[in-house]
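# Residue-level structure breakdown
Listed below, chain by chain, are the residues.
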Amino acid sequence: MHKLEHYDVVIVGGGIAGAIMAKQLSHQQQRVLVLEAGAGDPTLPYDSYLAYLDEYYRANIKVPNAPYPDNPNAPQPSVLDTAPIAPPVPNTAGYFVQRGPNSYGSDYTRALGGTTLHWLGTTLRMLPEDFELHSRYGRGVDWPISYDDLLPYYEMAEREIGVSADVEDQQFLGLHFSPGYVFPMHKIPQSYLDMWLTEKLADLQVERDGQAYPVRVVSTPQGRNGMPNPAYNNGEGYVPVGAVGRPDLGQRCQGNSSCVPICPVQAKYNAWKTLAAANPAYVEVQTQCVASRVLVDGSSGYITGIEYKHYDSQNSGAYTTHVARGTRYVLAAHAIENAKLLLASNVANRSGQVGRNLMDHPVLLTWALLPEATGPFRGPGSTSGIPSLRGGEFRANGAAWRVEIDNWGWNWPTGAPYSSVDQLVDGEGRYGADLRQRLNAIIQGQVRLGFLVEQLPDPFNRVTIDPDYMDRLGNYRPVIDYTITDYTSAGFAAAKQVSDAIYDHLWATDYTSYSPADAGHVTYRGQGYSYRGAGHYVGTHRMGTDPDTSVVDPRQRSWDHPNLYLVGCGNMPTIATSNPTLTMAALTFWAARNLLEDIAADKVLAGAELSALAE
């Protein structure tokens, strides 16, 4: 199926991590093969993107994966398949086999470009304290690298994605930047709701564990094109990357209000942009190639190939089996897919940690009706948040969280505005002018807060495989064990208290409700809370300094196999409170540098050996 018999590097996965790795290696003239399980034309024509748009327009329910057709040969999870779990009977309705006791309610996209096709575009850095959670607060584990170690790679990731933000807004809770640093583009203009809340909440403080915290509204860094900052890179400026195949489109965010599930003009970053910037002379991309096994030499521990199944059509389960061989290998599939592949291959698991420590940001939603119109349902899904309780001494007792301020009213919790129309017509019998006036009053005052709550790494929250659960090609489906611990539940309780204080301060009418029938319902100290999945998969092959307790070393290389690198959010030891894509991208730039150093070292060694032979 692939063109060469041997590559310098074989990469599994064509999302952002695989794309960054391929780009960096190709620019150093390394011959790279990218194997992508999902569909997608490797030449990245704009017509392929239009096909996703057509699928989105036809979809009745605009969930994150709505534009990306279900592919039985490379199945993907859907938020529509989440249901309450009743152990010991697992929920097998979707791609995941969920054994619970709690629901893992997130999805991801298996197509060329990965989940960057449907992500919101939030590009927050982690806090310096997030790398030292155990040292500071006695919780979780410390990272084997620090914020300062990763700082230059954050800058590389922000350039690659094209982040719009202002440094002045982001200097909180110890976040610091290189001297004179500015983001590639100025921040996306904050919504009217953001500015209204900034004014109304300016004098509000909330308490947690006896300490007062200000409720400060801050603009959110975003991976979408805004106004380029002429001061970027010492005055070099930044040229936004428009739509792949149509560079005249997507030069600026147009406020289409559909970031999730798809940006119609590609003003929002997706991994196609990075793949398109790779050196085509050195990168070969093959789609519809599902990696099924990692082959290893038992005596040396070196990886010798990636076995994969190539299918010609999503409509048929017919496939042919091939082996891709290279000098080095990179698994960049996804935290779930990487773990599943390693477990199926019985490799890289001396520590027994493969698949373990699965995390997400369980999102506690609250919603209310404001006393005046604030203009929701315009622009990107979120342009600001409240970061005040992302860090602090309280983390010794309960989870931190970040507040996302939503620009799309009650859409996520209730399905508004469509559900609002149903209620007014069917529930209240309104029609005509009365319907229009009441609908306008309700819609214009809707506000929704999302508390993205921290989880700690827990070895019992994990991905495993079971021969009783296979997909159409005979590959394993992921089996998920997942529990919301008291640490996270304490974060839910604190979040709801802060939400109550905010809505009281705003004279808002709180409509938040949680039901035991909700898929993500938990009880903590007699109170019930319902959470949603954030799609922020972290853990399953974490990095560390000890091969007995981690899967990869700080360089992102497997402890067990010298020519195997793992990249992606699976390497992250903790999740903290920031959306993980930017950190994943930074870690991938770090891994690419380290892999290239390995290649250079081999060349030096080979040169020395040749010199010795010549003598």
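Residues numbered from 1 in each chain as written. Predicted model: local features only at pLDDT ≥ 70, side-chain atom pairs only at ≥ 80, totals over all residues. Heavy atoms only, no water.

- Going by the annotation in an unreviewed UniProt entry, the name recorded for the protein is GMC family oxidoreductase, with Hymenobacter gummosus given as the source organism.
- According to the UniProt record, the Sequence similarities (unreviewed entry) comment for the protein is "Belongs to the GMC oxidoreductase family."
- According to UniProt, the comment filed for the protein under the heading Cofactor (unreviewed entry) is "FAD". (UniProt positions renumbered as here; feature names shortened; annotations may be inferred.)

### Concerning the sheet that holds strand 7 (residues 283-286)
- Reading across from one edge, 7-2-1-11-21 is the order of the five strands in this open sheet, with parallel pairing throughout. Lying at the two open borders of the sheet, with one neighbouring strand each, are strand 7 and strand 21 (564-566). With strand direction ignored, the average angle separating the axes of adjacent strands in the sheet is 20°.
- On the sheet, helix 9 (residues 335-345) packs against strand 1 (7-12), strand 11 (326-331) and strand 21 and is oriented at approximately 125° with respect to strand 11. (Pairing = 2+ DSSP bridges. Helix = DSSP H or I, 4+ residues; strand = E, 2+ residues; numbered from the N terminus. Axes fitted to C-alpha atoms, helices over the stretch in contact; angles between N-to-C directions. Contact = heavy atoms within 4.5 Å.)

### Considering the side chain of Arg477
- Looking at where Arg477 falls in the secondary structure, it is placed in the loop between strand 16 (462-464) and strand 17 (479-482).
- Buried and unpaired, Arg477 has Asp471 as its nearest opposite-charge partner, separated by 7.7 Å.
- Residues within four places of Arg477 in sequence aside, it is in contact with Thr92, Gly94, Tyr95, Phe96, Val97, Lys340, Thr464, Ile465, Tyr469, Met470 and Asp471. (Buried < 20%, exposed > 50% of the residue type's maximum accessible area, 1.4 Å probe, protein only. Lys, Arg positive; Asp, Glu negative; His and termini not counted. Salt bridge = Lys/Arg side-chain N within 4 Å of Asp/Glu carboxyl O.)

### So, the nonpolar core
- Membership of the largest hydrophobic core comes to 105 residues, with the highest contact counts inside it found for Ile11, Met21, Ile306, Val330 and Leu331.
- Ranked by the residues each element gives to this core, the list is headed by helix 14 (residues 581-614), at 11 residues.
- Here Val330 is in contact with Val9, Val10, Ile11, Val12, Met21, Tyr565, Val567 and Leu595, once residues within four sequence places are set aside.
- Of all hydrophobic cores here, the second largest spans 54 residues; its members include Phe96, Tyr213, Ile386 and Ile480. (Core = buried A, V, L, I, M, F, W, Y, C linked by side-chain atoms within 4.5 Å.)

### Focus: the UniProt feature "domain: Glucose-methanol-choline oxidoreductase C-terminal" (unreviewed entry) in the protein
- With numbering aligned to this structure, UniProt lists the feature "domain: Glucose-methanol-choline oxidoreductase C-terminal" (unreviewed entry) at residues 460-587.
- Counted over residues 460-587, helix gives 21% and strand 17%. Its end C-alpha atoms are 25 Å apart.

### Let's talk about the side chain of Ser351
- With respect to the helices, strands and loops of the structure, Ser351 is situated in the loop between helix 9 and strand 12 (363-369).
- When its relative accessible area of 14% is taken as the criterion, Ser351 is described as buried.
- Here the side chain of Ser351 touches Gln353 through a polar contact of 3.1 Å, landing on its backbone nitrogen.
- Looking at Ser351, its side chain comes within polar contact range of the main-chain oxygen of Ser550, at 3.3 Å.
- Ignoring sequence-local partners within four residues, the contact set of Ser351 consists of Pro547, Asp548, Thr549, Ser550 and Val551. (Polar contact = N/O pair within 3.5 Å; in protein donor to acceptor, adjacent residues only side chain to side chain.)

### Thoughts on the sheet that holds strand 16
- A sheet is described by the order of its strands in space; here three strands give the open sequence 3-17-16, paired in mixed fashion. Both outer strands of the open sheet, strand 3 (97-101) and strand 16, are each paired with one neighbouring strand and no more. Shown here is a sheet whose adjacent strand axes are inclined to one another by a mean of 20°, direction ignored.
- Relative to strand 17, strand 3 runs parallel, the two being bridged by four bridges. Considered in strand 17, the bridge of Pro101 is made with Tyr482.

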